[in-house]
Amino acid sequence: MYKFILPFRYMFKKRISYLALLTVVLCVFIVVVVMTVMAGLVEDFKQKNHSFVGDCVLGTESLVGFGYYEDFMRELASREFVQSVTPVIRSYGLINVKGSRQSRGVEIIGIEPVGYSRTTGFGEDVYYHRRDVANVFVPSYNPELPGCVPGIDLVLERNSRGEYSPPDSPWRLGLAISSFPLTPKGALSKAGLGLVNTRTFYYSDHSRSGLATIDSSAVFLPFDESQKLCGMDRPIKRTSFLYIKFQEGTGLSEGCGKVRSMWSKYVSAGSGRPAGYLLETVAVQSWKQNRRSFIAAMEKEQTIMTMMFILVGITTVFIVFVVFYMIVSHKSKDIGIFKSVGASGGDILQIYSIFAFFVGFLGSVFGSLFGWLFLRYINDIEAWLYGRFGFQLWDRSIYAIGEIPNRLESGLLLVIMASAIFACLLGAYLPSRKGSKLRPVQTLQVNQL
Amino acid sequence: MKKDGVILNCGKLFKSYRMGTTKIEVLRGVDLELERGGFTAIVGSSGSGKSTLLHILGGLDKPDEGAVEFEGRKLNDFGGRELDKFRNKKVGFIFQFYHLLDELSILENVFLPAMISVGFWGWISGRRVLKKRAGALLEQVGLGHRITHKPFQLSGGERQRAAIARALMNKPEIVLADEPTGNLDSATGNDILGVFQKLHKAGQTILMVTHDERIARKASRIVKLQDGKIKDEGG
């Protein structure tokens, strides 16, 4: 019992204990806040990437695309584990606001809006047609005109708070989009002055996916129109990708494995067809594999951040070590007293370990509590700082993020708390061990022989 | 080496310390026997080795040569755990500077040896009885009204009385007192010696070391330690 009473008294009677406690509180607070924000940003980014392509991507990075996709789509759609499947053309072109002399490169994304919305989060990304996505390519000012859905940053300005001010309805804006049509063999299908296909589309809605590359340089077009524009409508109809969404409960690797196996059989069965060689270029990937190049950078940043916090942890261990070394040195007389009344070295080790546990436990509880409070009001604090001093953590006119993520993950919190307690036990171990090895006569009778 | 009625004895005890390159021989072949129920005082000047001898007899330190026997068993043969138990149950230490724990109340200081002795669950089940005994011991040394006080709130004499109560908590076979009045004025010192004499009358074995012969005369047996050896004995 004294092993609990004494550490508890040491905790609240010694000023130096408060120093150790404060160190742990600060470290836990910083780690909780930064890891939560960082993990939130990474998770949000992953979610947006997942939402952009569905669960599984079957396709090719070749701009030529691949044919015979319609039969395979039907076959996929008939399977129980598939919820929806949609073809997507992805190619590159030039965009020119009608009347201006400036052109810029864009990514052309050809979609069937209803199927694409079922498979991805597109239906939630558009602004004017959120409840009527079937008509997303129908401009409200003239339904006869061919519509397009540019990324939001192509048509609207973002202010420093990350907000846009879209008009009540899309304004009449003609966008001339040019593409270089390719033959199935990859050669330019046209020559001379007619080298490119150009067609004017009209702004019918805009998309805000939250992915900077898509929102600032992609334009969604009707599938058939983009097929023609990119020369993928003949001699056989081609697409770049099939995006697939699995039924709930289907595991990602399980679903992708099934699609891969189906595709392999489909390719074998259809060998010898005209331009059948294009099917060989097709790969089946999960959304994570498909978006790896984008996600990997964020994950790497998160890893670097974690490494930095390991350094913070090491610093904490060292500070706790120093504090406990001082406490043990200061309390060596107490150790002598304990031993003189029969306490063992193990008992001494336990007393200081329990003391370290108290420091770690209380430090992690208070650090987490302050972290939680700070995260709860982090957006309000940032808004206040911006209003008062013009300071913004992330300039929303540059970074495509909305609110700072502040959802505290209980799993992450438990890991941080356990790490803090472990760091305290580790930091206190050597001084405690030194204390436990002290001979009582060294501490009780220093002045007498 | 063992005799009937002898509770603690030692033979040919040697102990030296190093101070830099100098070797200081503190004990140079000490032989001593303590009878059960006796009140013995070891007298010697400062640096004569009396505290070192007391620590070795109480298992707080080890001799370079020689052996200490307690009830016929050599302390050298005791394992670490056994030696801890010996200090906890068989011996009660009283120090010149009281050595009470500042974080604990006087009552808590007194029942600390019992807490160590009975362990966590033993304390949970038997704490009322043990607290009662600690309270009774404090009453016995005249501190019944000070049980909730912290050591720093007590005078030197009161602290030493508390230390005596702590030493008696586990009903030890022998009380080892190291200059128990060395830090007290003469009146308070006499009070403490009065307590010792009462304990002796009640049958408690006591070994006290002091540099003051007047204090030593209160004991039933006096042993003089000079230059690391027992010089003569008186009674």
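Just so it is clear, the model here is predicted, and its values are computed rather than measured.

J.: I'm lost on the overall build of chain B in this one. Help?
T.: Counting secondary structure elements, chain B contains six helices and 10 strands. Here chain B has a C-alpha radius of gyration of 18 Å; the compact-globule value for 235 residues is 18 Å, and the two agree. On the principal axes, the C-alpha backbone points of chain B span a range of 45 × 40 × 40 Å. Counting the 235 residues in chain B, one finds 56% classified as buried. Restricting to contacts in chain B with at least 6 residues of sequence separation, those with at least 24 account for 72%.

J.: What is the right way to look at the overall build of chain A in this model?
T.: The secondary structure content of chain A amounts to 16 helices and 11 strands. Relative to the 2.2 N^0.38 estimate, which gives 22 Å for 449 residues, the radius of gyration of chain A is 32 Å and therefore markedly larger than a compact globule would have. Its C-alpha atoms give chain A principal-axis dimensions of roughly 110 × 60 × 40 Å. Out of the 449 residues belonging to chain A, those deemed buried represent 50%. Expressed as a percentage of contacts within chain A between residues at least 6 apart in sequence, the contacts between residues at least 24 apart total 79%. Element-wise, carbon and sulfur atoms account for 58% of the exposed surface of chain A, whose accessible area totals about 21,700 Å². Between the averaged position of the 47 positive side-chain charges in chain A and that of its 35 negative side-chain charges there is a distance of 11 Å.

J.: Sorry if this is basic, but what is going on with the nonpolar core here?
T.: Buried together is how nonpolar side chains tend to be arranged in soluble globular proteins. Core analysis: the biggest nonpolar cluster contains 146 residues, and Tyr2, Phe122, Phe220 and Phe338 of chain A together with Leu53, Ile164 and Phe196 of chain B have the highest contact counts within it. Considering every element that reaches this core, the biggest residue donor is helix α2 (residues 15-53) of chain A, with 16 residues. Formed jointly, this core draws a minimum of three residues from each of two domains, domain 1 (2-46 + 295-448) and domain 2 (61-281) of chain A. When near neighbours in sequence (up to four residues on either side) are disregarded, phenylalanine 338 of chain A contacts Tyr2, Leu6, Tyr10, Ala343, Ile348 and Ile351 of chain A together with Leu101, Leu112 and Ile116 of chain B. Counting 32 residues, the second largest nonpolar core, distinct from the first, contains Tyr68, Ile244, Met262 and Leu279 of chain A.

J.: Got a minute to help me understand helix α15 (residues 410-437) of chain A in this structure?
T.: Think of an α-helix as turning once every 3.6 residues; residues three or four places apart then point the same way. The end-to-end C-alpha distance of α15 of chain A is 40 Å, a good match for the 40 Å that 28 residues give at a rise of 1.5 Å each. Its maximal kink placed at tyrosine 429 of chain A, α15 of chain A deviates by approximately 40°, while the proline proline 431 of chain A follows within four residues.

J.: Quick question: what am I supposed to make of the pattern of salt bridges here?
T.: Between side chains of opposite charge, a pair can form when the charged atoms approach closely. With the rule as written, the count across this model stands at 23 salt bridges over all chains. Measuring nitrogen to oxygen at the nearest pair gives 3.0 Å for the salt bridge that ties arginine 146 of chain B to glutamate 158 of chain B. With arginine 146 of chain B in the loop between α3 (106-140) and α4 (156-168) and glutamate 158 of chain B in helix α4, the pair connects residues that are 12 residues apart, well separated along the chain. Through salt bridges with shared partners, a single network forms among Lys331 and Asp334 of chain A together with Glu103 of chain B.

J.: Is there a simple way to think about the packing of aromatic side chains in this case?
T.: Two aromatic rings, taken as a pair, are described by how far apart their centres are and by the angle between their planes. All names here are of chain A. Under the definition given, this model contains 28 aromatic pairs over all chains. With centroids separated by 5.5 Å and ring planes inclined at 70°, the aromatic side chains of phenylalanine 29 and phenylalanine 374 adopt a geometry described as edge-to-face. A residue pair is termed long-range when its members are at least 10 positions apart, and phenylalanine 29 in helix α2 and phenylalanine 374 in helix α13 (residues 345-376) qualify at 345 residues.

J.: Whenever I open this one, a positive patch on the surface confuses me. Can you help?
T.: Residues Arg81, Lys85, Lys89 and Lys90 of chain B make up a contiguous surface patch of positive charge. Topologically, arginine 81 of chain B is positioned in helix α2 (residues 80-90).

J.: I would appreciate a short explanation of the domain arrangement of chain A in the present structure.
T.: One frequently used descriptor of interface size is the decrease in accessible area upon assembly of the parts. For chain A, the assigned domains read domain 1 (2-46 + 295-448) and domain 2 (61-281). Between the C-alpha centres of domain 1 of chain A and domain 2 of chain A the distance comes to 51 Å.

J.: Would you explain the pairing of strand β5 (residues 147-150) of chain A in this entry?
T.: For a regular strand, the rule is simple: side chains alternate between the two faces of the sheet. All names here are of chain A. Along β5, one buried face is formed by Gly147 and Val149 and the opposite face, lined by Cys148 and Pro150, is buried too. The pairing of β5 with strand β7 (residues 197-203) spans two bridges and is classified as parallel. Bridging across to β7, cysteine 148 finds its partner in tyrosine 203. Examined bridge by bridge, β5 and strand β8 (residues 218-222) share two bridges and lie antiparallel to one another.

J.: How do you make sense of the environment of leucine 138 of chain B when you look at a structure like this?
T.: Residue and element names in this part refer to chain B. Mapped onto the fold, leucine 138 is located in helix α3. For leucine 138, a relative accessible area of 0% puts it in the buried group. The sequence separation of leucine 138 and alanine 162 amounts to 24 residues, and the corresponding C-alpha distance is 6.7 Å. Ignoring sequence-local partners within four residues, the contact set of leucine 138 consists of Ile106, Leu107, Val110, Leu143, Gly144, Ile147, Ala162 and Ala165.

J.: Whenever I open this one, the sheet that holds strand β5 (residues 73-74) of chain B confuses me. Can you help?
T.: Residue and element names in this part refer to chain B. Taken together, the four strands give an open sheet; going across it, the order is β2-β1-β4-β5, and neighbouring strands pair in antiparallel fashion. This sheet does not close on itself; its edge strands, each paired only once, are β2 (22-35) and β5. Taken together, the 11 bridges between strand β1 (residues 6-19) and β2 define a ladder with antiparallel strand orientation. Within the sheet, the bridge partner assigned to asparagine 9 lies in β2 and is glutamate 33. Lying over the sheet, helix α1 (residues 50-57) contacts β1, β2 and β4 (65-70), oriented at roughly 125° with respect to β1.

J.: Explain the interface of chain A and chain B to me, please; I cannot follow it from the model alone.
T.: In this assembly, 28 residues from chain A lie in contact with 37 residues from chain B. A salt bridge links aspartate 61 of chain B to arginine 439 of chain A; the shortest N-O distance between them is 2.9 Å. The tally of links between chain A and chain B comes to seven residue pairs in polar contact (both at pLDDT 80 or more). Where the side of chain A that touches chain B is concerned, the elements lending two or more residues are α1 (2-13), α12 (332-340) and α16 (440-444) of chain A. Among the elements that take part in the side of chain A that touches chain B, α1 of chain A stands out by supplying seven residues, more than any other. Residues of the side of chain A that touches chain B, tallied by class, amount to 14 nonpolar, five polar and nine charged.

J.: I'm lost on a nonpolar patch on the surface in this one. Help?
T.: Residue and element names in this part refer to chain A. A contiguous nonpolar patch, built from Phe366, Leu369, Phe370, Trp372, Leu373, Tyr377 and Ile381 and spanning about 610 Å² of accessible area, is present on the exposed surface. With five residues, the single largest contributor to the nonpolar patch is α13. Relative to the helices and strands, phenylalanine 370 is located in helix α13. Overall, phenylalanine 370 belongs to the partly exposed group, its relative accessible area being 41%.

J.: Looking at this structure, how should I read the packing of α1 of chain A against α2 of chain A?
T.: In a packed pair of helices, the relevant descriptors are the angle between the two axes and the axis-to-axis distance. All names here are of chain A. The contact between α1 and α2 brings their axes to 5 Å, and the two run at 90°. Between α1 and α2, the angle falls in the class roughly perpendicular. Here Tyr10, Met11, Phe12 and Lys13 of α1 come into contact with α2, specifically with Arg15, Ser17, Tyr18 and Leu21.

J.: Looking at this structure, I do not really get the confidence of the model for chain B. What am I missing?
T.: One rule of thumb: low pLDDT means the predicted coordinates there are not for detailed reading. With 97% of its residues at a pLDDT of 70 or more, chain B shows a mean pLDDT of 88. Predicted complex, confidence summary: ipTM 0.88, pTM 0.73.

Rules used throughout
Residues numbered from 1 in each chain as written. Chains lettered and ligands numbered in written order. Predicted model: local features only at pLDDT ≥ 70, side-chain atom pairs only at ≥ 80, totals over all residues. Heavy atoms only, no water. Helix = DSSP H or I, 4+ residues; strand = E, 2+ residues; numbered from the N terminus. Rg over C-alpha atoms; globule rule 2.2 N^0.38 Å. Buried < 20%, exposed > 50% of the residue type's maximum accessible area, 1.4 Å probe, protein only. Contact = heavy atoms within 4.5 Å. Areas by Shrake-Rupley, 256 points an atom, 1.4 Å probe, with all protein chains shown as cover. Lys, Arg positive; Asp, Glu negative; His and termini not counted. Charge placed at Lys NZ, Arg CZ, Asp CG, Glu CD. Core = buried A, V, L, I, M, F, W, Y, C linked by side-chain atoms within 4.5 Å. Domains from an automatic or database assignment. Expected span 1.5 Å × (residues − 1). Bend = angle between axes of the 7 residues up to and from the residue. Salt bridge = Lys/Arg side-chain N within 4 Å of Asp/Glu carboxyl O. Phe/Tyr/Trp six-rings, centres within 6.5 Å; stacked < 30°, edge-to-face > 60°. Patch = residues over 30% accessible without salt bridge, like charges linked within 9 Å, V, L, I, M, F, W, Y side chains within 5 Å. Pairing = 2+ DSSP bridges. Axes fitted to C-alpha atoms, helices over the stretch in contact; angles between N-to-C directions. Polar contact = N/O pair within 3.5 Å; in protein donor to acceptor, adjacent residues only side chain to side chain. Nonpolar A, V, L, I, M, F, W, Y, C, P; charged D, E, K, R; others polar. Parallel < 35°, antiparallel > 145°, perpendicular 65-115°, else oblique. pLDDT = per-residue confidence, 0-100.

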